[in-house]
Amino acid sequence: MFDFSIVTNWIHELFLSFLPVWLAILIEFVLIGVCILVMYAVIAVIMIYMERKVSAAFQCRIGPNRVGPFGVFQLIADIFKMLIKEIVVIRHADKILYNLAPYIVIFASVLAFSCLPISKGLEVIDFNVGIFFVIAASSIGVLGILLAGWSSNNKFSLIGAMRSGAQMISYELSIGISILTIITLTGTAQLSQIVENQADCWYLFKGHIPAFIAFVIFLICGNAEVNRGPFDLPEAESELTAGYHTEYSGMHFGLFYVAEFVNLFIISGIAATLFLGGWMPFHVAGWDGFNTIMDYIPGVIWFFGKSFFVVWLLMWFKWTFPRLRIDQILSLEWKILVPIGLVNLMIMAICVVLGWHF
């Protein structure tokens, strides 16, 4: 498995050879930021295209197929359209908060995205409470949604924001419990260490039934956290037009749109890291030849392959189950998922203490 820290250390030493320390670090910060933004935009484009093709497959349609081969240039046309559309100014809106809200949402999304461990040595930050930092960073987005609904001076936007806030804050609890279940199993909250501890077996299999239950709960709550179907009540078109971003147009709406898709990838990337080994190859104990072949596959491919597999699962959920009512959404969380998650966490703790795991 290639260690990208070799490359990053070489670049750092190269800059230090002819630049002062402060300038070298500043240039590295800028380069890292540009790489993150470019990767963020590319992932957003891939996710939008994937959403259209997957939904078309589930609905027995073809999907984009006219603009470019297999409709791939349709996305470029949509991006161009989004960039040139007018940003309509709402007369009675709170202009400062109204304009600030989409940037808070995109800031939280980019911050959480930058924390994903893409490959060995290819992490922007890696410290002992990394997974908790990711949770904290992603939780900032709900503030932007609430501000967007309130500042728009629109009753539909306000209702959508209230629904989204109640839903996201509620389901963060079960997400945290699922993550604590894996932390109990691995004994660390550092993302790189969590991945490396899965070198012999992924936690989805190593943790037996409690890990599988935590994985299922994480997928359900992750879908709710990003307001995806069947938990898309905050954006219920038949009731609220477009929910909390009804009054947004042009690129302001585009920021909400892009953030939603990339947030889906972030949830999938965290699930792949915690339960499916992240960038770690698939190894089988005793199969040395097979394991050697798996090691030749770069960690970047493993990470994105696992992440997009989870994305496909979540899209499957969206286009299969009907939309839930708000009382059903909250009842599912507080009456079903939270109790199951707490009991599952206790069972995992017992398994770890007694050594009932691989």
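Here the structure is shown first, and the text comes after it.
All values reported here derive from a predicted model rather than from experimental measurement.

Asks: Explain the pattern of salt bridges to me, please; I cannot follow it from the model alone.
Replies: Pairing between side chains of opposite charge can happen when their charged atoms approach one another. Evaluated as defined, the whole model comprises 5 salt bridges. With a shortest N-O distance of 2.5 Å, arginine 228 and glutamate 51 are connected by a salt bridge. With arginine 228 in the loop between helix 10 (208-225) and helix 11 (237-240) and glutamate 51 in helix 2 (residues 21-58), this pair connects stretches of sequence that are 177 residues apart. This pair shows no difference in class: arginine 228 is buried, exactly as glutamate 51 is. Notably, a salt bridge pairs aspartate 327 with arginine 325, separated by 3.0 Å at the nearest N-O pair. Here arginine 325 falls in the partly exposed class, since its relative accessible area comes to 48%.

Asks: I'm lost on the state of the cysteines in this one. Help?
Replies: Any covalent bond linking the sulfur atoms of two cysteines counts as a disulfide. Considering all chains together, one arrives at 0 disulfides under this definition. The closest cysteine sulfur to the non-disulfide-bonded cysteine 351 is located on cysteine 201, 14 Å from its own sulfur. The class for cysteine 351 is buried, based on a relative accessible area of 12%.

Asks: I keep staring at the packing of aromatic side chains and nothing clicks. Help me out?
Replies: How two aromatic rings sit relative to each other is given by the distance of their centres and the angle of their planes. Under the counting rule described, the total for this entry stands at 24 aromatic pairs. Aromatic side chains tyrosine 257 and phenylalanine 261 sit 5.1 Å apart centroid to centroid with 75° between the ring planes, which places their arrangement in the edge-to-face category. Residue tyrosine 257 and its partner phenylalanine 261 are both found in helix 12 (residues 250-275); the two are separated by 4 residues, about one turn of the helix. Members of the aromatic cluster, joined through ring pairs, are Tyr40, Phe113, Phe265, Phe303, Phe304 and Phe308.

Analysis parameters
Residues numbered from 1 in each chain as written. Predicted model: local features only at pLDDT ≥ 70, side-chain atom pairs only at ≥ 80, totals over all residues. Heavy atoms only, no water. Salt bridge = Lys/Arg side-chain N within 4 Å of Asp/Glu carboxyl O. Helix = DSSP H or I, 4+ residues; strand = E, 2+ residues; numbered from the N terminus. Buried < 20%, exposed > 50% of the residue type's maximum accessible area, 1.4 Å probe, protein only. Disulfide = S-S within 2.5 Å. Phe/Tyr/Trp six-rings, centres within 6.5 Å; stacked < 30°, edge-to-face > 60°.

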